[in-house]
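Structure assessment
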Amino acid sequence: MKFLKKIFGFETSVKKKSEKSEISDHQNEQTGEDLIEKQKLKKSKKSSHLINKKSTKPDLEPEPAPDSEPKSQTKPEPEPELEPEPELAREPEPESETKLEEEPKPEPKPEPATELESEQKKGELPQHKEKSIFKRFFSKEKKVSLDKGLEKTSTSFFNKISKVLIGKTKVDDEILDDLEDVLISSDVGVKTTLKIIDKIESRVAKEKYIGTQELDKILNEEIINIIASTEDHEKFNLSKSKPHVILVVGVNGVGKTTSIGKMAHYFKSTGLKVVIGAADTFRAAAIEQLEIWADRVGVDIVKQEMGSDPASVAYDTLASAKKKNADVVLIDTAGRLHNKVNLMNELSKIKRVLQKIHIDAPQEVVLIIDGSTGQNAFEQAKQFTSVTEITSLAVTKLDGTAKGGVVLGISDQFNIPIKFIGVGEGVEDLQLFDKKAFVDSFFKKK
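Residues numbered from 1 in each chain as written. Predicted model: local features only at pLDDT ≥ 70, side-chain atom pairs only at ≥ 80, totals over all residues. Heavy atoms only, no water.

1. Overview of a nonpolar patch on the surface
Among the surface-exposed residues, Ile184, Val190 and Leu194 lie close enough to one another that they form a single nonpolar patch of about 220 Å² accessible area. Structurally, the position occupied by leucine 194 is in helix 10 (residues 190–207). (Patch = residues over 30% accessible without salt bridge, like charges linked within 9 Å, V, L, I, M, F, W, Y side chains within 5 Å. Areas by Shrake-Rupley, 256 points an atom, 1.4 Å probe, with all protein chains shown as cover. Salt bridge = Lys/Arg side-chain N within 4 Å of Asp/Glu carboxyl O. Helix = DSSP H or I, 4+ residues; strand = E, 2+ residues; numbered from the N terminus.)

This is the structure in structure tokens:
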């Protein structure tokens, strides 16, 4: 009973306190000064609620109350300060409103994340653009060097054609005869020239009338069609079984050692690991020159003393390349044509030795030809194709001669695709052969 009395007594005391507070409220309503103070208290409470929304520290809430204590000068006023606590408990709606107000706050947070993602995307796009721009710039640089390398050939060719077409308005038999002489004198070759002229004659007969202004376009198209490579050789296709072994052959003085160094640079620039084998052990200073190129390009080289067995060097090179997990192996060979039997025996021995390590080796046999020798290049190709199987050609020194037409004749007559052409002395001047770009530069008027 005492416990109940205490409880009921507590309830009555609470009621008395509430009644006192109500009486005090009525008294405050009667005085204008109390109304002003009450409005200030409400404003301070609202501000405290706003502060509670922004910060989670409840200890800072009662701070505005002591500011009002000296103004009221009554001690029962701290008791109504306890009333906001039940008011907070009795007002779930403003709490839910605050939750609703707090919920949109995390919503703008993903917005900066999306902005960052958009910025990253925006940042990625210019990177791709920069790469594409770099590729276009790089291809333009290649095209400029190609145009410059074939400048002498192009100038000589069109100077001869312009003399043929002076005062002519229609392509007739006389112009075709003169064009035949121009092609032969440009080292295109007799058989290839006759093939081109026959195709132009058939087009003239079919279309009945062709002006001299259209002759360049027709000649351009027919030369593109006559080049042996029907595939796209902008990429040097490597075999799936590593390493891809390339045997490099050619007579001395055609730029074989230099071409190997530039080919190594090309493959390394595409991200491939390259090993060079100095198997030309008979020519003086051949090993030293190839070693200089290997150091310059930054690839590994396998060598032996001068006079060593070339097949032994080739074997060591391929064995070392397999241990190093190399992608491409370039093997230099002796370029002797004075004794074809010895050359044939040497190349066949190298192939047999390589196949002991790699059954598919060599996957490529590249013949290096000096384009400046003109018709002599035909003889070189004829001699080497009779000795061994040639899979592709690399024509060098086209920048220093007006005999660039030899590329067309060799490609047509021997039906061997051209993989590389040399149009300068720089490391980047050994380019992958693109027949459209080549013919475009060949027909570029100055």
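2. Quick notes on the packing of helix 15 (residues 340–357) against helix 16 (residues 375–387)
Close contact between helix 15 and helix 16 brings their axes to 9 Å; oriented N to C, the two are set at 55 degrees. Relative to helix 16, the element helix 15 is oriented oblique. Crossing of helix 15 against helix 16: the hand is right-handed. Between helix 15, through Lys340, Leu343, Met344 and Leu347, and helix 16, the contact on the second element is made entirely by Gln383, Phe384 and Val387. Taken together, the residues that form the contact of helix 15 with helix 16 break down as five nonpolar, one polar and one charged. (Axes fitted to C-alpha atoms, helices over the stretch in contact; angles between N-to-C directions. Parallel < 35°, antiparallel > 145°, perpendicular 65-115°, else oblique. Left-handed = near helix turned anticlockwise from the far one by under 90°. Contact = heavy atoms within 4.5 Å. Nonpolar A, V, L, I, M, F, W, Y, C, P; charged D, E, K, R; others polar.)

3. As for the pairing of strand 2 (residues 274–278)
Across the five residues that make up strand 2, a large majority, five, are buried. Side chains Val274, Ile276 and Ala278 project from strand 2 onto one buried face, and the interleaved Val275 and Gly277 project onto a second face that is buried too. Across five bridges, the pairing between strand 2 and strand 4 (residues 328–332) is parallel. Bridge pairing in strand 4 links glycine 277 to isoleucine 331. In this structure, strand 2 lies alongside strand 3 (residues 300–302), joined through three bridges in parallel fashion. In the strand pairing of strand 3, glycine 277 is matched with valine 302. Once you follow strand 2 into helix 13 (residues 286–297) and on to strand 3, the crossover reads as right-handed. (Buried < 20%, exposed > 50% of the residue type's maximum accessible area, 1.4 Å probe, protein only. Pairing = 2+ DSSP bridges. Right-handed = clockwise from strand over helix to strand, strands pointing away.)

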